[in-house]
Amino acid sequence: MAKSILLTGGASQVGVTIARLLKQSGHEVVFASRSGRVPDGFKSVKMDWYDTQTFANIFPGDPTLSPYHSVYLLCPPFDPKPYLSVNPFIDLCLERGVKKFVLLGGTDEVADGNDTEYIEIQRHLEKKGCRYVVLRPTWFCENFLNYFGESIRTTGAFTTSVATGKIPFVAVEDIAQVGYKALVEEDSAKEKVIIGPELLTYDQAATTLSQILRRQITHISVSKDDLIEIYDAIGSHENSLLVAGLEERAEAGTQERWWTCLPYKTSKMTNEIFALGE
């Protein structure tokens, strides 16, 4: 049976891929977007996480009816307390009859037992007694293109503070496949850890990139403080603290330890994934 699905966070890379899978299967898809920029052929409604009045745009017409079966939750980026916006939105969705939520989380916030912002959203979902799934992918392969692509193209190198830590990079397409199923299928699981097919250091990733691009690509390893200085120099202090913290934990093994879990390991091999950035 076809379902109506709301995807928050606008045209994010996982959200767009989920939307295409849903549309191919005959489901109705609506993006909730602050900017209104969504892929051609999809509907959108204006919603701003920081303007609760826009939440009403999601539910036009009869307030006792919900046009959505499931909602995909992508939290506002770089917000240390996203639950202040997301939890009230969840409450409104439940009032209007939404049946299920799929939250894009991560593996960093739970690997070392830290109580972080995404945990507060999961606790809220649990307290409400509703059906939900938290997607916990390891780090995205597409980060090489999105964050390192320009540097790789222009200098043949990219910089991190992860000298030896291993990461099972996962493709957006594989995350979206799990998210798609979580949105439309009945499943009692409340968390799905999604792990890439290979454990790689950044040096090993650079070797793979060199083979694919047929030129030397180098990984430059720096200290955490040096990484922060690099980001600060380009006016990105907020990002510097976030990235430095994530990379510090990756170097300590928080991503590698997921390899021993019982997750959804993807079938894409590293060469196939990295070739997307050619």
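Residues numbered from 1 in each chain as written. Predicted model: local features only at pLDDT ≥ 70, side-chain atom pairs only at ≥ 80, totals over all residues. Heavy atoms only, no water.

The protein chain is annotated in an unreviewed UniProt entry as NmrA-like domain-containing protein from Ephemerocybe angulata.

Peer 1: What am I meant to see in the packing of helix H1 (residues 13-24) against helix H7 (residues 172-184) here?
Peer 2: A packed helix pair is summarised by two numbers, namely the angle formed by the two axes and the spacing between the axes. At a closest axis distance of 8 Å, the pairing of H1 and H7 adopts a crossing angle of 55°. What the angle tells us is that H1 and H7 run oblique. Considering the relative orientation of H1 and H7, their crossing is right-handed. Only Val172, Glu173, Ile175, Ala176, Gln177, Gly179, Tyr180, Leu183 and Val184 of H7 make contact with H1, whose side of the interface consists of Gln13, Val14, Thr17, Ile18, Leu21 and Leu22. (Axes fitted to C-alpha atoms, helices over the stretch in contact; angles between N-to-C directions. Helix = DSSP H or I, 4+ residues; strand = E, 2+ residues; numbered from the N terminus. Parallel < 35°, antiparallel > 145°, perpendicular 65-115°, else oblique. Left-handed = near helix turned anticlockwise from the far one by under 90°. Contact = heavy atoms within 4.5 Å.)

Peer 1: In this structure, what is going on with H7? I would like to understand it.
Peer 2: Quick reminder: α-helices carry 3.6 residues per turn. Residues three or four places apart thus point the same way. Look at H7: 18 Å from first C-alpha to last across 13 residues, which is about the 18 Å you get at 1.5 Å a residue. A large share of H7 lies buried, amounting to 10 of its 13 residues. Along H7, the positions that sit buried rather than exposed are Val172, Asp174, Ile175, Ala176, Val178, Gly179, Tyr180, Ala182, Leu183 and Val184. (Expected span 1.5 Å × (residues − 1). Buried < 20%, exposed > 50% of the residue type's maximum accessible area, 1.4 Å probe, protein only.)

Peer 1: Explain the environment of Thr8 here, please?
Peer 2: Relative to the elements of secondary structure, Thr8 occurs in strand S1 (residues 4-8). Taking relative accessible area as the criterion, Thr8 reaches 0% and is therefore assigned buried. Put simply, Thr8 and Ser44 are 36 residues apart on the chain and 9.8 Å apart in space, counted from C-alpha to C-alpha. From its side chain, Thr8 meets the backbone oxygen of Tyr72 in a polar contact 2.8 Å long. Here Leu74 takes part through its backbone nitrogen, which lies 2.9 Å from a polar atom of the side chain of Thr8. (Polar contact = N/O pair within 3.5 Å; in protein donor to acceptor, adjacent residues only side chain to side chain.)

Peer 1: Explain the pattern of salt bridges here, please?
Peer 2: One side chain can pair with another of opposite charge once the charged atoms of both are near each other. Applying the stated criterion to the full structure yields eight salt bridges. We note a salt bridge from Glu120 to Arg123, for which the minimum N-O separation is 3.1 Å. One end of the pair is Glu120 and the other is Arg123, both in helix H4 (residues 117-128) and three residues apart, which spans about a single turn. Judged by relative accessible area, Glu120 falls into the partly exposed class, the value being 27%. In this structure Arg123 comes out as partly exposed when scored by relative accessible area, which is 46%. Note that Arg153 and Glu150 form a salt bridge whose closest N and O atoms lie 3.4 Å from each other. Placement of both Arg153 and Glu150 in helix H6 (residues 149-155) is noted, with a separation of three residues, approximately one turn of the helix. Note on Arg153: relative accessible area 51%, which makes it exposed. The partly exposed category is assigned to Glu150, whose relative accessible area is 49%. (Salt bridge = Lys/Arg side-chain N within 4 Å of Asp/Glu carboxyl O.)

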